Amino acid sequence: EPEVTQTPSHQVTQMGQEVILRCVPISNHLYFYWYRQILGQKVEFLVSFYNNEISEKSEIFDDQFSVERPDGSNFTLKIRSTKLEDSAMYFCASREGTSGTRGTQYFGPGTRLLVL
Amino acid sequence: AQTVTQSQPEMSVQEAETVTLSCTYDTSESDYYLFWYKQPPSRQMILVIRQEAYKQQNATENRFSVNFQKAAKSFSLKISDSQLGDAAMYFCAYRNSGNTPLVFGKGTRLSVIA
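Note that the structure is a prediction, hence the values are computed from the model and not measured. (Residues numbered from 1 in each chain as written. Chains lettered and ligands numbered in written order. Predicted model: local features only at pLDDT ≥ 70, side-chain atom pairs only at ≥ 80, totals over all residues. Heavy atoms only, no water.)

1. Brief notes about the overall build of chain B
Argument step 1. The secondary structure content of chain B amounts to 0 helices and 12 strands.
Argument step 2. Its helices and strands taken in sequence order, chain B reads β-β-β-β-β-β-β-β-β-β-β-β from the N to the C terminus.
Argument step 3. With respect to the three principal axes, the spread of C-alpha positions in chain B is 40 × 25 × 20 Å.
Argument step 4. Residue pairs at least 24 apart in sequence account for 55% of intrachain contacts in chain B once pairs closer than 6 positions are excluded.
Argument step 5. For chain B, the computed accessible surface area is about 5400 Å², with 45% contributed by carbon and sulfur atoms.
Argument step 6. Positive and negative charge centroids in chain B, built from 11 and 10 side chains respectively, lie 5 Å apart. (Helix = DSSP H or I, 4+ residues; strand = E, 2+ residues; numbered from the N terminus. Contact = heavy atoms within 4.5 Å. Areas by Shrake-Rupley, 256 points an atom, 1.4 Å probe, with all protein chains shown as cover. Lys, Arg positive; Asp, Glu negative; His and termini not counted. Charge placed at Lys NZ, Arg CZ, Asp CG, Glu CD.)

So this is what it looks like as structure tokens:
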């Protein structure tokens, strides 16, 4: 069964450094998302992406964040200058369409980011 | 903005017994989707079950079923014949129709006692 994959599984970085989190959505999916989950808290939406542009972003997704689909398969989240509070689990999700079963989002296994 | 409330931070159930996890939501929309996701200790988000608001019939997936009460804006998850592998964090989530993100509740941690 097709899966969303994410790399790396764990990332440790120094405050102020740039990190790039990578995702490979399910191949026939058209809508892509990034969410984050700070330890012990609920999952929060960051950004959605469709047709090579951002569809919607939350207030968390400030100028330090950017997303890109550099080729036909990868979907990346970049944090330009990491802060301690960026430490979280970052989930990529994708879905095929918007209605019926095609509207279900499938999540990757997550990247655990630790900023020191 | 839509909100999702899970009023039970923690629940426990004996193996082979049945447990119900509660979820309520707030929306002014009539067309939307509801989901339950399971998050085991690995922290992966696994879809358990989904419900389309326009469907009156409650969704069922093997041992998992929902009680969807649209007027009450309630969406509870029932797990029958609980197994040790069901122990996890369970998140209720809501999504409007169209290209919209998921809104999650704070989760319920389910323990299964052997």
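2. Considerations on the side chain of Arg36 of chain A
Residues and elements named next belong to chain A.
Argument step 1. Looking at the secondary structure, you find Arg36 in strand E4 (residues 31-37).
Argument step 2. Classification of Arg36 by relative accessible area gives buried; the value is 11%.
Argument step 3. When neighbours within four sequence positions are excluded, Arg36 is seen to be in contact with Lys42, Val43, Glu44, Leu46, Ile60, Glu85, Asp86, Ala88, Met89 and Tyr90. (Buried < 20%, exposed > 50% of the residue type's maximum accessible area, 1.4 Å probe, protein only.)

3. Re the packing of aromatic side chains
Argument step 1. For the structure shown, the criterion picks out 20 aromatic pairs over all chains.
Argument step 2. Ring centres of Tyr35 of chain A and Phe104 of chain B lie 5.9 Å apart, and the angle between their planes is 85°; this geometry places the pair in the edge-to-face category. With Tyr35 of chain A in strand E4 and Phe104 of chain B in strand E11 (residues 103-104), this pair bridges two chains. Of the two residues, Tyr35 of chain A and Phe104 of chain B, both sit in the buried class.
Argument step 3. Ring geometry for Phe49 of chain A against Phe75 of chain A: centres 5.3 Å apart, planes inclined by 40°, an arrangement best described as tilted. With Phe49 of chain A in strand E5 (residues 44-50) and Phe75 of chain A in strand E8 (residues 75-79), the pair connects residues that are 26 residues apart, well separated along the chain. Phe75 of chain A shares its class with Phe49 of chain A; the two are buried.
Argument step 4. The ring of Tyr31 of chain A carries the charged tip of Arg95 of chain A above its face, separated from the ring centre by 5.3 Å. (Phe/Tyr/Trp six-rings, centres within 6.5 Å; stacked < 30°, edge-to-face > 60°. Lys NZ or Arg CZ within 6 Å of the ring centre and 35° of its normal.)

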